[in-house]
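Summary of the model geometry
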Amino acid sequence: QVRLVESGGGLAQPGGSLRLSCVASESIINFNVMGWYRQAPGEQRELVATTTSGGRTNYADSVKGRFTISRDNAKNTVFLQMNSLKPEDTAVYYCNARVLVVGFPRDNYWGQGTQVTVSS
């Protein structure tokens, strides 16, 4: 089974930075879309950023200009560089990988999540 393992979460001060990593158990080029989602207490899980196999990226409005998604295909790894962190970025961040068939999901994989806490 496909496994996704996140790391890099922790505590940061407002204005600080963290870099999250998601290591997949197989080549990430096998997935049409990889991305990061987050879920804060009392809120629904929301999209943070995605990257497609074609190199397109998409970001939530709340993180545009602050977060950057990138990949290292040789390492089966997707990153999320988070700069200018705000307290409202506090959440559990989940890595996601999807295989699509004619635009619809056939396979959908999730990591276990990594906690990000932003506070002074």
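That block above? That's the structure.
Because the structure is predicted, anything quoted here is derived from the model rather than measured. Within every chain, residues take consecutive numbers counted from 1 along the sequence as written. Local features in this predicted model are restricted to residues of pLDDT 70 or higher, and side-chain atom pairs are both shown and tallied only at a pLDDT of 80 or more, whereas totals for entire chains, interfaces and linings draw on every residue. Neither water nor hydrogens contribute to the side-chain values; these are computed over all heavy atoms in the structure.

With that settled, consider the state of the cysteines. Defined by distance alone, a disulfide is two cysteine sulfur atoms within 2.5 Å. By the definition in use, this model includes one disulfide. Two residues share a disulfide in this structure: C22 and C95, whose sulfurs sit 2.0 Å from each other. Looking along the S-S bond of the C22-C95 disulfide, the torsion reads about -80°, which is the left-handed sense. With C22 in strand β3 (residues 18-24) and C95 in strand β9 (residues 91-101), this pair connects stretches of sequence that are 73 residues apart. Here a helix means four or more residues in a row that DSSP labels H or I, a strand means two or more in a row labelled E, and each is numbered from the N terminus.

This brings us to the pattern of salt bridges. Definition used for salt bridges: Asp or Glu carboxyl oxygen within 4 Å of a side-chain nitrogen of Lys or Arg. Considering all chains together, one arrives at five salt bridges under this definition. With a shortest N-O distance of 3.0 Å, D89 and R38 are connected by a salt bridge. Here R38 lies in strand β4 (residues 33-39) and D89 lies in the loop between β8 (77-82) and β9, a separation of 51 residues in the sequence. Taken individually, D89 and R38 each receive the classification buried, so the pair is uniform in this respect. A salt bridge links R66 to D89; the nearest nitrogen and oxygen atoms lie 2.8 Å apart. Here R66 is found in the loop between β6 (57-59) and β7 (67-72), whereas its partner D89 is found in the loop between β8 and β9, with 23 residues between them in sequence. Side by side, R66 and D89 carry an identical accessibility label, which is buried. Through salt bridges with shared partners, a single ionic network connects R38, E46, R66 and D89. Partly exposed describes any residue whose relative accessible area lies between the buried limit of under 20% and the exposed limit of over 50%, with all areas from a 1.4 Å probe on protein chains only and scaled to the type maximum.

What follows is about a nonpolar patch on the surface. Where nonpolar side chains cluster on the molecular surface, the patch consists of V101, V102 and F104 and spans about 340 Å² of accessible area. On the secondary structure map, V101 appears in strand β9. Residues enter patches when they are more than 30% accessible in relative terms and free of salt bridges; like-charged ones are connected within 9 Å and nonpolar ones (Val, Leu, Ile, Met, Phe, Trp, Tyr) within 5 Å. Using the Shrake-Rupley algorithm and a 1.4 Å probe, accessible areas are obtained, with residue cover drawn only from the displayed protein chains.

Bear in mind that shape data such as this cannot, by itself, settle questions of function.
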